[in-house]
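Coordinate inspection notes
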Amino acid sequence: MSNQYVKILHIDSNHPLLWEQLEQAGFQNEADFTSSKTEIEVKIQDYHGIVIRSRFKIDKAFIDKASKLKFIARVGAGLESIDCDYAFSKNIQLIAAPEGNRNAVGEHTIGMLLSLMNKLNRADKLVREGKWIREGNRGYELEGKTVGIIGYGNMGKSFAKKLKGFDVDVLCYDIQDNVADENAKQVSLKELQAKSDVLSLHIPWTPETDKLLNTEFINRFAKPFWFINTSRGKNVVTDDLVAALETGKILGAGLDVLEYEKLSFENLFIETERPKAFDYLLQAENVLLTPHIAGWTYESHEKLAQVIVDKIIKLYRQ
C-alpha cells in the first residue's frame, strides 16, 4: 500500500515533528483530541493506523471496530493500555518508543536517589523555614552501596549506565535470560534481595508485576533499603510500602508513579477522601514524589516522536 493511501488518526497531541515527518513521507494525518472513545469507535474503521499516548484503553471492542487497522503506535514506553494479545491476533503491529525516554528516566532515577540519600528535599524545606540544621540533615553516600534493579530493559540499563561513576555494585534481575551488560551483573531475585541497599523498579505493569512490592516481598530483603519507583504505580501496594517506611525497613522512597493514578496518567483520583497511605506519603520527610514525569523532559518529548516516526516509516518499507 502506498503511503498516500495510509490514513493515520492521532488521538493525542504530540511533538509536531511526528505529524510533519509522517506528512512528508506521504501519510494522511487526521487528528481528534477531544471526541470520546465511543465517538471515535464510530469512525475508526476508516483508518489504517492510530497514534496515541494514554487517553483511553484500546480494548477488544475498539479493535473489532477498527477493521482496516494495521498498527497502533503509542508515544511512550509501555503498552498496558492496549489489548496486545487481541491486537496480535488481528495482525495489528504494536509500536512503542522506550528508546525515546530511557535517558530521561535514568537521569530522573539518579536524581531521586541522590536527593533521598542526602535529604535534599527536607534540608531545603527547613532552610526556607529559617532552620539551619546540619546534624539532622546528615546524609549517606552512594559509594560502596549495592544497587538492585528489577527490570533490565531500556530503562533499567539507562539507570545502570548512569551509576557507573558512583563506585557502586549494580545487580539486575529480569525474567529474560542473558540481559546483563558491562554495567550490571544479572542475579537471581533471591540474591538481589540479600545484597541490595537500593531497589529501583523498571518493569511494566502486567498480571505478573501487579502489586509486586508488598509486605512479603519487602521482608525478603536482608537489609533496610532505599526504594525508587519510576515504572508503574500499581506494581506497589502503597499500604505495605508505608508500613515499611514506618518501621524503617524502607529508608526512603522516591515515587514518580502512584498506585492511585488513572490509566491516562494525567490525574490521580477523584474520590472525596484520600487514602490514609497517600496522606502519609504527603507528610513524610523521607519520601520524594513527582507526577509521572521521569520520562517527560523537553528532550524526550522530541525523541519519543522521532522514534515513532522512524518505526512507522520502517513498517511500510518492509
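To keep things clear, this report deals only with the structure shown in the data block. Worth saying up front: this structure is predicted, and the values here are computed from it rather than measured.

So, the overall build of the chain
Broken down by element type, the chain carries 12 helices and 12 strands. Computed over the C-alpha atoms, the radius of gyration of the chain is 21 Å, within 12% of the 20 Å expected from 2.2 N^0.38 for a compact globule of 318 residues. Dimensions of the chain, computed from the C-alpha atoms along their principal axes, are close to 65 × 50 × 35 Å. Split into buried and exposed, the 318 residues of the chain put 49% on the buried side. Put simply, 61% of the contacts in the chain that link residues at least 6 apart link residues at least 24 apart. Between the centroid of the 41 positive side chains of the chain and the centroid of its 45 negative side chains there is a distance of 1 Å.

A look at the sheet that holds strand β4 (residues 71-74)
One open sheet accounts for 5 strands, arranged β2-β1-β3-β4-β5; its pairing is parallel. Two strands close off the open sheet at either side, each with one partner strand: β2 (28-31) and β5 (93-95). Taking the axes of each pair of neighbouring strands and ignoring which way they run, one obtains an average angle of 20° across the sheet. Pairing of strand β1 (residues 7-10) with β2, which is carried by 4 bridges, proceeds in the parallel orientation. Opposite His 10, over in β2, you have Ala 31 as the bridge partner. Those strands touched by helix α1 (residues 16-24) are β1, β2 and β3 (49-52), and its axis lies near 150° from that of β2.

Notes on the pairing of strand β11 (residues 250-255)
Of all 6 residues making up β11, 5 are buried, and the element is well covered by its neighbours. Bridge analysis of strand β10 (residues 225-229) against β11 gives 5 bridges, and the strand direction is parallel. In the sheet register, Phe 227 faces β11, and the bridge partner there is Ala 253. One crossover worth recording links β10 to the parallel β11 by way of helix α10 (residues 238-247), and it is right-handed. Bridge count for β11 against strand β12 (residues 287-289) is 3 bridges, and the pairing is parallel. Bridging across to β12, Ala 253 finds its partner in Val 287.

A look at the nonpolar core
Grouped together as the largest cluster of nonpolar side chains are 28 residues, with contacts concentrated most on Leu 199, Leu 213, Phe 227, Leu 241, Ile 250 and Leu 281. Broken down by secondary-structure element, the contributors of at least two residues to this core are β9 (198-201), α9 (215-219), β10, α10, β11 and α11 (276-283). Here this core gets 4 residues from one element, more than from any other, and that element is α10.

Side note on the packing of aromatic side chains
Counted under the stated rule, the structure contains 7 aromatic pairs. Where Tyr 140 meets Trp 226, the ring centres are 5.2 Å apart and the plane angle is 65°; that geometry is what we call edge-to-face. Taken together, the residues Tyr 140 in the loop between α6 (120-128) and β6 (146-150) and Trp 226 in strand β10 connect sequence positions 86 residues apart. A relative accessible area of 45% means that Tyr 140 is categorised as partly exposed. Summarising the aromatic geometry, the rings of Tyr 260 and Phe 278 are spaced 5.7 Å apart at their centres and angled 70° between planes, so their arrangement reads as edge-to-face. Of this pair, Tyr 260 sits in the loop between β11 and α11 while Phe 278 is found in helix α11, placing the two residues 18 residues apart along the sequence. Assigned by exposure class, Tyr 260 and Phe 278 land together as buried. When the ring centre of Tyr 47 is taken as reference, the NZ or CZ atom of Lys 7 above it lies at 5.0 Å. Against the face of Trp 205 rests Lys 234, its NZ or CZ located 6.0 Å from the ring centre.

Structural notes on the sheet that holds strand β8 (residues 185-186)
Read from one edge to the other, the open sheet built from 7 strands follows the order β8-β7-β6-β9-β10-β11-β12, with strand pairing classed as parallel. Two strands lie at the open edges of the sheet, namely β8 and β12, each paired on one side alone. Each of β9, β10, β11 and β12 touches helix α5 (residues 98-117); the most contacted strand, β10, lies at about 145° to it.

The rules behind these values
Residues numbered from 1 in each chain as written. Predicted model: local features only at pLDDT ≥ 70, side-chain atom pairs only at ≥ 80, totals over all residues. Heavy atoms only, no water. Helix = DSSP H or I, 4+ residues; strand = E, 2+ residues; numbered from the N terminus. Rg over C-alpha atoms; globule rule 2.2 N^0.38 Å. Buried < 20%, exposed > 50% of the residue type's maximum accessible area, 1.4 Å probe, protein only. Contact = heavy atoms within 4.5 Å. Lys, Arg positive; Asp, Glu negative; His and termini not counted. Charge placed at Lys NZ, Arg CZ, Asp CG, Glu CD. Pairing = 2+ DSSP bridges. Axes fitted to C-alpha atoms, helices over the stretch in contact; angles between N-to-C directions. Right-handed = clockwise from strand over helix to strand, strands pointing away. Core = buried A, V, L, I, M, F, W, Y, C linked by side-chain atoms within 4.5 Å. Phe/Tyr/Trp six-rings, centres within 6.5 Å; stacked < 30°, edge-to-face > 60°. Lys NZ or Arg CZ within 6 Å of the ring centre and 35° of its normal.

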